[in-house]
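# Fold and contact review
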Amino acid sequence: MKKGRTMFFCQECGQQSPKWLGKCPSCGAWNRFVEEELRDGEAGQPAAIRFEGVPESIDAIAADEGERLATGIAEMDRVLGGGIVAGSAILVGGDPGIGKSTLLLQVLEQLARRGLTVLYCTGEESARQIKLRGKRLGASAKELLVLVEVELENILRQVQEIKPAIAVIDSIQTVYSGALSSAPGSVGQVREASGRLILMAKKTGIPIFLVGHVTKDGSIAGPKVLEHMVDTVLYFEGDSGHAYRVIRGIKNRFGPTHEIGVFEMRDTGLAEVANPSAFFLAERPEGAAGSVVVPSMEGTRPILVEVQSLVSPTSFGMPRRTAIGVDHNRVSLLTAVMDRICGIRLGASDIFLNVAGGVKVDEPAIDLGIVAAMASSFLDRPVAAGTVVFGEVGLTGEIRGISQTEIRVREASRMGFTRCILPRTQTRECLPEMPIDLVRIGSLRELTDHLF
Ligand code: TYD
Ligand code: MG
């Protein structure tokens, strides 16, 4: 195959060089040179995605976003904002083995069953492996086409010929363009491949899913730029030790972000979890000290999570602080506030905190739950039955109001909880009558009076 001319570009400052350099002579950055293809008539310019557009009056632009293609998997549709938008590019990231291929194969199967031709391109597994996986999932629709291919040019050709309703590229790191000499999975290759696939999606209106592996530091392998290029970024997360998986919207040009869809990994594939609160509370110990339920929000969705804490005297000089599922620094801050305001001295105690089920919560509403769990464990008194708590804790021990109170309280009530400890500032008006006792507190000092 005829090679186009390529150059290496520094990703920091744009300095170019005909060969790879370890250190940029211009800005001094290390290891930032990436090979990119030069397009005709563009000598010295990195090959960028170009759209031949002309300005249009905003008034004249058609505003309907077109039909969304519902996947038929409700949890997935919710995260996408109601379905797949024509011509959109969706990046699905996640740790290896978490279930990305399984999820997308199930999405394709759903669409194929409705008579739509869909294409699954894989560079990771053989057709036979896909077939075996399909058997487990019950995927057997004739309209589901499997293409085992790593060469970008052929993938583009096949997609344009077949014109599937959607195409899945699993994974973007295996796609290889003959135009570049760098290895598959390198930044240059990943960028070139995704750029051309996205351009094709925009031109043809065929939505594409790109599967991306996540590196150890948590970013999608290769370039973070991939996130800027696509319309939607979804992360598929979970713990391989737990059955539950969450798909989370990180960016969405066509819908809400921070929505989640919850699935459970079974031996027949991923099953939707329609009632996550029940799912996460299923194994909660009743009447145990150190366990507190918090109504947390995930996007527009309330989910009850269990915060567990174990506080025990330190046996070595330095007390240990371990927090799983909540921010470590937040825990340090809250222990300091507890010490000062409530007189609960945790300075000589090891503290272990965990959000049960492997969930991660990063909203301030969890603060009061963390404090309640630590206090309960430290005092060895279980929290009163049927109680949920939420609220942000300030540095002076004040309990601050948080958003979406009503939805949280409603979910707690729906799940059979009878008492809710919440910030005082939350006005009475915003909470209509619900069969749940509302205990409003203004300071951390009041917490222990109501908790047990
Ligand atoms: P996979 O979709 O291959 O992960 P990824 O594409 O993100 O790397 O998922 C593989 C894991 O899922 C593997 O550990 C086995 C498990 N699994 C099930 O538990 N049930 C199933 O029906 C399938 C297909 C996979
Ligand atoms: Mg896979």
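These numbers come from a predicted model, not from an experiment. (Residues numbered from 1 in each chain as written. Chains lettered and ligands numbered in written order. Predicted model: local features only at pLDDT ≥ 70, side-chain atom pairs only at ≥ 80, totals over all residues. Heavy atoms only, no water.)

## Here's the deal with the overall build of the chain
- Looking only at helices and strands, the chain has eleven helices and 23 strands in total.
- With respect to the principal axes defined by its C-alpha atoms, the chain has extents near 75 × 55 × 50 Å.
- Taking all 452 residues of the chain together, 51% fall into the buried category.
- Taking contacts inside the chain between residues at least 6 apart in sequence as the whole, the part at least 24 apart equals 66%. (Helix = DSSP H or I, 4+ residues; strand = E, 2+ residues; numbered from the N terminus. Buried < 20%, exposed > 50% of the residue type's maximum accessible area, 1.4 Å probe, protein only. Contact = heavy atoms within 4.5 Å.)

## Section: the site of ligand 1
- Around ligand 1, 16 residues are found, and the nearest of them are Gly97, Ser101, Thr102, Arg266 and Gly269.
- Contacts to ligand 1 include Ile98, whose backbone N or O atom sits 3.4 Å from an oxygen atom.
- At 2.8 Å, a backbone N or O of Lys100 approaches an oxygen atom of ligand 1.
- The protein chains hide 75% of the 560 Å² of surface that ligand 1 would expose on its own.
- Elements with a contribution of two residues or more to the shell around ligand 1: helix H2 (100–113), helix H3 (127–137) and strand E13 (260–266).
- Across the shell around ligand 1, the residue classes break down as four nonpolar, six polar and six charged. (Near = heavy atom within 4 Å. Polar contact = N/O pair within 3.5 Å; in protein donor to acceptor, adjacent residues only side chain to side chain. Areas by Shrake-Rupley, 256 points an atom, 1.4 Å probe, with all protein chains shown as cover. Nonpolar A, V, L, I, M, F, W, Y, C, P; charged D, E, K, R; others polar.)

## A closer look at the pairing of strand E15 (residues 291–298)
- Counted residue by residue, E15 has eight buried out of eight residues, so it is predominantly covered.
- What you see with E15 is no split at all: Ser291, Val293, Pro295 and Met297 on one side and Val292, Val294, Ser296 and Glu298 on the other are buried throughout.
- Note: E15 against strand E16 (residues 301–313), eight bridges, orientation antiparallel. The partner of Glu298 across the bridge, within E16, is Arg301.
- Between E15 and the antiparallel strand that follows it, E16, lie two residues; Gly299 among them carries a positive phi value of about 70°. (Pairing = 2+ DSSP bridges.)

## Describing the packing of helix H8 (residues 328–342) against helix H9 (residues 367–379)
- Relative orientation of the contacting elements H8 and H9 amounts to 60°, with a least axis distance of 10 Å. As for how H8 packs across H9, the hand of that crossing is right-handed. Contact with H8, carried on its side by Arg330, Val331, Leu334, Thr335 and Met338, involves Asp367, Ile370, Val371, Met374 and Ala375 of H9 and no other residues of that element.
- When its residues are assigned to classes, the contact of H8 with H9 shows seven nonpolar, one polar and two charged. (Axes fitted to C-alpha atoms, helices over the stretch in contact; angles between N-to-C directions. Left-handed = near helix turned anticlockwise from the far one by under 90°.)

## Here we look at the pattern of salt bridges
- According to the stated counting rule, one finds 19 salt bridges in the structure shown.
- Here Arg191 and Glu36 are joined by a salt bridge, their closest N and O atoms 2.4 Å apart. Taken together, the residues Arg191 in helix H5 (residues 187–204) and Glu36 in strand E3 (residues 33–37) connect sequence positions 155 residues apart. Neither residue differs from the other here; Arg191 and Glu36 are each classed as buried. (Salt bridge = Lys/Arg side-chain N within 4 Å of Asp/Glu carboxyl O.)

## Some thoughts on H3
- Listed in full, the buried residues belonging to H3 are Ile130, Arg133, Gly134 and Leu137. Along the long axis of H3, the arc covered by the buried residues comes to 105°, so they all point the same way. When the buried face of H3 is taken as reference, the exposed residues oriented beyond 90 degrees from it are Arg128, Lys135 and Arg136.
- Buried residues along H3 sit in contact with H2, strand E7 (118–122), strand E8 (144–148) and strand E14 (269–272).
- One or two residues past the end of H3 sits Gly138, with phi positive at roughly 75°. (Arc of directions from axis to C-beta.)

## A word on the confidence of the model for the chain
- The predicted model of the chain averages 87 in pLDDT, with 92% of residues at 70 or higher.
- Note on residues 41–46: pLDDT under 50 across the span, and 13 contacts to partners over four residues away in sequence or across chains. (pLDDT = per-residue confidence, 0-100.)

## What to know about the packing of aromatic side chains
- On inspection of all chains with the given rule, the structure shows three aromatic pairs.
- An angle of 75° between the planes, with centres 6.3 Å apart, marks the rings of Phe236 and Phe263 as edge-to-face. Of this pair, Phe236 sits in strand E11 (residues 232–238) while Phe263 sits in strand E13, placing them 27 residues apart in sequence. We note that Phe236, like Phe263, is buried. (Phe/Tyr/Trp six-rings, centres within 6.5 Å; stacked < 30°, edge-to-face > 60°.)

## Some words on H9
- Taking 1.5 Å of rise per residue, the 13 residues of H9 would be expected to cover 18 Å, and the 18 Å separating its terminal C-alpha atoms lies within 8% of that figure.
- With eleven of its 13 residues buried, H9 lies for the most part within the structure.
- Within H9, burial applies to Asp367, Leu368, Gly369, Ile370, Val371, Ala372, Ala373, Met374, Ala375, Ser376 and Ser377. (Expected span 1.5 Å × (residues − 1).)

## A short note on the sheet that holds E3
- Across the sheet, which stays open at both edges, the three strands sit in the order E2-E1-E3 with antiparallel pairing between neighbours. The sheet is open, and its two edges are formed by strand E2 (16–17) and E3, each paired on a single side.
- In this sheet, E3 lies alongside strand E1 (residues 6–10) in antiparallel orientation, the contact comprising five bridges. Note on E3: the bridge partner recorded for Cys10 is Phe33.

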